[in-house]
Protein chains: 2
Amino acid sequence: MNFDFYNPTRLVFGAGSLSRLGEVVAGLGKKALVVTGGGSVKRSGTFDRAIESLKAAGVEFAECAGVEPNPQISSVARGAEIVRREGCDVIVALGGGSTMDASKVIAAAALYDGDPWNLIAHGQEDWHIPAEALPVITVPTLAATGSEMNCGAVISNDETKVKSFAQTESLFPKFAIVDPLLTLSVPKDQTAYGVCDIITHVMEGYFNGVDGTPIQDRFAEGVIINAVEWGRKAVADGGDLEARTQVQWASIVALNGWIQAGVHMVAPMHMIEHALSAHHNITHGAGLAIVGPAWMRFAANHRPERFAQFAERVFGLSPEGKTPETLAAEGIDAYIAFLKEIGCPTTLSEVGVSDELFEQYAKDAALVVHDANGNLLGRPPMTGDDIVEVLRSAL
Amino acid sequence: MNFDFYNPTRLVFGAGSLSRLGEVVAGLGKKALVVTGGGSVKRSGTFDRAIESLKAAGVEFAECAGVEPNPQISSVARGAEIVRREGCDVIVALGGGSTMDASKVIAAAALYDGDPWNLIAHGQEDWHIPAEALPVITVPTLAATGSEMNCGAVISNDETKVKSFAQTESLFPKFAIVDPLLTLSVPKDQTAYGVCDIITHVMEGYFNGVDGTPIQDRFAEGVIINAVEWGRKAVADGGDLEARTQVQWASIVALNGWIQAGVHMVAPMHMIEHALSAHHNITHGAGLAIVGPAWMRFAANHRPERFAQFAERVFGLSPEGKTPETLAAEGIDAYIAFLKEIGCPTTLSEVGVSDELFEQYAKDAALVVHDANGNLLGRPPMTGDDIVEVLRSAL
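What counts and what doesn't
Residues numbered from 1 in each chain as written. Chains lettered and ligands numbered in written order. Predicted model: local features only at pLDDT ≥ 70, side-chain atom pairs only at ≥ 80, totals over all residues. Contact = placed C-beta atoms within 7 Å. Helix = DSSP H or I, 4+ residues; strand = E, 2+ residues; numbered from the N terminus. Nonpolar A, V, L, I, M, F, W, Y, C, P; charged D, E, K, R; others polar. Pairing = 2+ DSSP bridges. Domains from an automatic or database assignment. Axes fitted to C-alpha atoms, helices over the stretch in contact; angles between N-to-C directions. Expected span 1.5 Å × (residues − 1). Buried ≥ 20, exposed ≤ 12 C-beta atoms within 10 Å, placed from the backbone. Arc of directions from axis to C-beta. Least-squares fit on C-alpha atoms with pLDDT ≥ 70 in both. Parallel < 35°, antiparallel > 145°, perpendicular 65-115°, else oblique. Left-handed = near helix turned anticlockwise from the far one by under 90°.

**Re the interface of chain B and chain A**
Point 1. Taken together, the contact between chain B and chain A spans 31 residues of the former and 30 residues of the latter.
Point 2. Sorting elements by how many residues they give to the side of chain B that touches chain A places helix 7 (residues 214-236) of chain B first, with 8 residues.
Point 3. Class assignment for the residues of the side of chain B that touches chain A results in 18 nonpolar, 9 polar and 4 charged.
Point 4. Sheet topology note: the strand 2 (residues 10-13) of chain A/strand 1 (residues 3-5) of chain B ladder contains 3 bridges and is antiparallel. When the sheet's bridge partners are listed, Phe13(A) is paired in strand 1 of chain B with Phe3(B).

Here it is, written out as structure tokens:
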């Protein structure tokens, strides 16, 4: 367990914290680029309240609206262009994971003269890791990606259909202002997909990390237990502020590095899902609800004890009289039952994806994060055939 | 659950990480003040290896040796004086909690012209909260106080026998270099006291925080479960590197704010213990093994369900057929049995403390952190009589 850990993001958490936005931004700059998505922040009134807070603090602003659910590098380029043209010196991300991820890369692209895709293109010839970026304040309106308090960003390339990511220190938000009130209006389906995203973030480290991390195991199990309990309540009653608060806190700790410290996580479920949603218009969390269980059945064959521990500690299933294999399968079944209960799809046919491009997804999934043999990293590493087999089991 | 969170300390964790000291210090300054305690780092060879790493990186150094187990403000003044005289620009804390705490305040005192006690004297007339400090690198040689990755420091006043603390952003270490190999030579008794300190840090938030923090509850329980399991092993075999590693990781997460985020923790067990060890030469962790269980019995009367949850989740005790009160008492008994098993004292008579100064301890304990009525903060708040009663039950 040798590792470095660093996370300098200042977190401002709690119902009503949006009102502190202006004060926070004023401490970092004079003119903000406010980045938003498809318009839900305007319909809900969140945008107006954010602007009001900025104005009260004497901060000017420009806007970059319309960032896509799977954010495209073209939107990043557009945002960076507005920053330069308008002379913005701070970025406010007001929206879900796609808005926050785009904002982080806009903040770096605004200070970089080359093609913004170079900031993303892991391991490719023109890869440029950004050493500096404008200050970013994340204001999530959805509990899901955990992007609010980490330095990662997932971006797609509209032309090449490649979905990849940037992850480096300069992309840490300066502040995350996390106000559960902003999530009260999130619809049932998006709430459920967010819960699945949260749980899958935790699972990636839990199932794909190194051995010998018993404290992190308990942290991970604790987050999943609560994401299930409070996620169920948030889906049942979107107006339940306590449930929204717990789910949003789960979203943060699921991917701010606390649970993953020393775990050396890799994320095969995410890589496979990214390959899918780069080709199809699937919400990331919904894609994970399909890929996750299929991957779990595959991985449990290789490591049944770990999945048995998951079944026992997270779903409280009794190990008595069962083999690890049986207990592991019961735990995965319990997870699938939960996903169905909250309304997530769990098969590809439910989202209209056939086996036509399976070979392509398999190739794309292993494009960025692979071992020397080209296999997708994870426990166990996956060949292209393994990925196709997992996808086939999810049809 | 409204709160702000911030912890910018860079953590370098793992066996062998001491070798990175020079490289880290060289990035922060040219001449280091190396602060040490009673000499164990010299006997163990740790000091020589640290100096070797500094020299290899071209860093000069001066030394401030002999910081006491309960660090005195006079040692802080002496350290700050050496910094000024020798022109040091970075502080390396090489030792246990007392060395790290003294180092943090030395770093602030070196940039402050007034009486260093003003940096500590909470709420008193001359209180001065330090806005700046020299960079500090903590290198713990004992898993206990968690001081390595937080901005707190407990300091005693030799003259007035008051033990108080400083806690502010400028005191965050820039780096914590945490190498479990350095703890292999810690004797059995100090190992056990460290484990008790770790567990008590977690308990303070768990038993004295606000309601409605279920994720933090699971984090807290997870750390205590592992501190018990691996603490037992580290005491049984000091050379067990895996046990030392897990205990040291527990020490960090027990007090770096992750578990306490949103919990609004207060620390009555610590306040009572500080009053004791300000008057007697008791190792802090040993004092906590005495005060902790006595306080728990008192507090369980007011909140049996919480202590029943502790019994069930941490010690795996079955709630079947039991009242919360009975289950709570069984959990406290299990904790006391663990403390005895690893060799901690659990009564005042074992450390030679009588009831002579009970009234004084009660007054001192509530001196700094109290409510409007002067009661020591906690759940429940404690009158002077409550504190005396708890101490009497520990005789």
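**Focus on the domain arrangement of chain A**
Residues and elements named next belong to chain A.
Point 1. Segmenting chain A into domains produces domain 1 (10-183) and domain 2 (188-393).
Point 2. For domain 1 and domain 2, the distance between their C-alpha centres works out to 26 Å.
Point 3. Taken residue by residue, the interface counts 22 residues in domain 1 and 26 residues in domain 2.
Point 4. Of all the elements in the fold, those that place two or more residues in the side of domain 1 that touches domain 2 are strand 7 (152-157) and strand 8 (162-167).
Point 5. Among the elements that make up the side of domain 1 that touches domain 2, the one with the highest residue count is strand 8 (3 residues).

**Thoughts on the sheet that holds strand 3 (residues 31-35) of chain A**
Point 1. Read from one edge of the open sheet, 7 strands run 4(A)-3(A)-5(A)-6(A)-9(A)-2(A)-1(B), paired in mixed fashion. The sheet is open, and its two edges are formed by strand 4 (60-64) of chain A together with strand 1 of chain B, each paired on a single side. Across this sheet, the average inter-strand angle for adjacent strands is 20°, counted without regard to direction.
Point 2. Across 5 bridges, the pairing between strand 5 (residues 90-95) of chain A and strand 6 (residues 136-140) of chain A is parallel. Each residue of the ladder has a partner; that of Ile91(A), found in strand 6 of chain A, is Val136(A).
Point 3. Against the sheet, helix 3 (residues 46-56) of chain A contacts strand 3, strand 4, strand 5 and strand 6 of chain A, and its axis sits at roughly 155° relative to strand 5 of chain A.

**Points about helix 11 (residues 304-315) of chain B**
Residue and element names in this part refer to chain B.
Point 1. A rise of 1.5 Å per residue sets the reference length of helix 11, with its 12 residues, at 16 Å; its end C-alpha atoms lie 16 Å apart and thus fit the reference within 8%.
Point 2. Among the residues of helix 11, Phe-307, Ala-308, Phe-310, Ala-311 and Val-314 are the ones counted as buried. All buried residues of helix 11 project into a common sector of 160° when viewed along the axis, lining one side.
Point 3. The positive-phi residue at the C-terminal boundary of helix 11 is Gly-316, with phi of around 65°.

**With respect to the relation of the copies chain B and chain A**
Point 1. Note on the identical chains: chain B maps onto chain A by a rotation of 180° and an axial translation of 0.0 Å, with an RMSD of 0.0 Å. Those values place the two copies in the arrangement expected of a two-fold rotation axis. When C-alpha positions in chain B are compared against the rotation axis, the closest is assigned to Pro8(B), at 2.2 Å.
Point 2. By residue overlap, the copies meet face to face through one surface: 97% of the interface positions of chain B are interface positions in chain A.

**Quick word on the packing of helix 13 (residues 358-365) of chain B against helix 14 (residues 384-393) of chain B**
All names here are of chain B.
Point 1. The contact between helix 13 and helix 14 brings their axes to 9 Å, and the two run at 125°. Taken as axis vectors, helix 13 and helix 14 run oblique relative to one another. In the crossing of helix 13 with helix 14, the sense of the turn from one axis to the other is right-handed. Between helix 13 and helix 14, the contacting residues are Phe-358, Glu-359, Tyr-361, Ala-362, Lys-363 and Ala-365 on the first element and Gly-384, Ile-387, Val-388 and Leu-391 on the second.

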